[in-house]
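# Structure assessment
Take a look at the letters that make up each chain.
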Amino acid sequence: MKLIVGNWKMNQNQEQVRAFFSALKSGPRQQEAWLAPQALHIGLALSLAPHDIKIGAQNSSEQDSGAFTGENSPATLKDLGASFVLVGHSERRQIFHETNVTCAAKTKRALSHNLAVIYCVGETLTEREAGQTLSVVKQQLRQGLSDLGGWHPGQLIVAYEPVWAIGTGKVATPAQAQEVHAAIRTELKEMYSAAGQAVRLLYGGSVKPDNVKELMGQTDIDGALVGGASLKATDFLALCQ
Ligand code: PGA
């Protein structure tokens, strides 16, 4: 079974969240589905989502509590019923200046609360054109995922999202995605042996119902992280088929 994760980013009002889940209930889903609404809508989404859909957050603090105005505590997310968090999404890295070091702290803290972490990596267009894709991604893995403390298999997921493919309609070819996924698999195996081998790898970047099948057919692609196409229930259902 593949894992399809919807990242709603800063979209959807309450009415749209309600409409999405009521439409979702009407359609069949063959793959595992998780959704990350805005943190403000996690409670609402949990009250509406079918039980087999996990709800998570798009970001969480590297701290549990204290004087950190505007931050979302991973402890509180867990308390609320969230199951997972995205860490190091390229928009967090680029717009909010998160580094591999920040991402490492966030990952470790979220794992300690028994949240699953979807750790995002990916190169910019300039880096790809300079032939640096694999070295950039390896560095993001090494610096972001070393010294994690305790975690159990299944708790860590890695999403490969080439920055040039996010929200642009320019999807990586299945071969381009597979090449990087295979390198990520090798790196994780070196870092964590059998546990690393079992980490699920998602591809993200302009995944749509019409290109998902070919991408999911690649050996090292275990699922997708989807932005734009996860906002409409009909598209999300199509992806989950
Ligand atoms: P997109 O976004 O599917 O709209 O390209 C993917 C993501 O940012 O996770």
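Now for a look at the structure at hand. Here the structure is a predicted model, which is why all the values come from computation and not from measurement.

Take the pairing of strand β8 (residues 223-226) next. On β8, burial covers both faces: Gly223 and Leu225 on one face and Ala224 and Val226 on the other are all buried. As defined by bridge partners, strand β1 (residues 3-7) adjoins β8 across four bridges and the pair is classed as parallel. If you follow isoleucine 4 over to β8, its bridge partner there is alanine 224.

Turning our attention to the packing of helix α5 (residues 100-112) against helix α7 (residues 133-145). One can describe the packing of α5 onto α7 by two numbers: an axis separation of 7 Å at closest approach and a directional angle of 50°. By the angle class used here, α5 and α7 are oblique. Handedness of the crossing formed by α5 with α7: right-handed. The residues of α7 that touch α5, namely those facing Asn100, Ala104 and Thr107, are Gln139, Gln140, Gln143, Gly144 and Leu145. Grouping the constituent residues of the contact of α5 with α7 by class yields two nonpolar, six polar and no charged.

What counts, and where the lines are drawn
Residues numbered from 1 in each chain as written. Predicted model: local features only at pLDDT ≥ 70, side-chain atom pairs only at ≥ 80, totals over all residues. Heavy atoms only, no water. Buried < 20%, exposed > 50% of the residue type's maximum accessible area, 1.4 Å probe, protein only. Helix = DSSP H or I, 4+ residues; strand = E, 2+ residues; numbered from the N terminus. Pairing = 2+ DSSP bridges. Axes fitted to C-alpha atoms, helices over the stretch in contact; angles between N-to-C directions. Parallel < 35°, antiparallel > 145°, perpendicular 65-115°, else oblique. Left-handed = near helix turned anticlockwise from the far one by under 90°. Contact = heavy atoms within 4.5 Å. Nonpolar A, V, L, I, M, F, W, Y, C, P; charged D, E, K, R; others polar.

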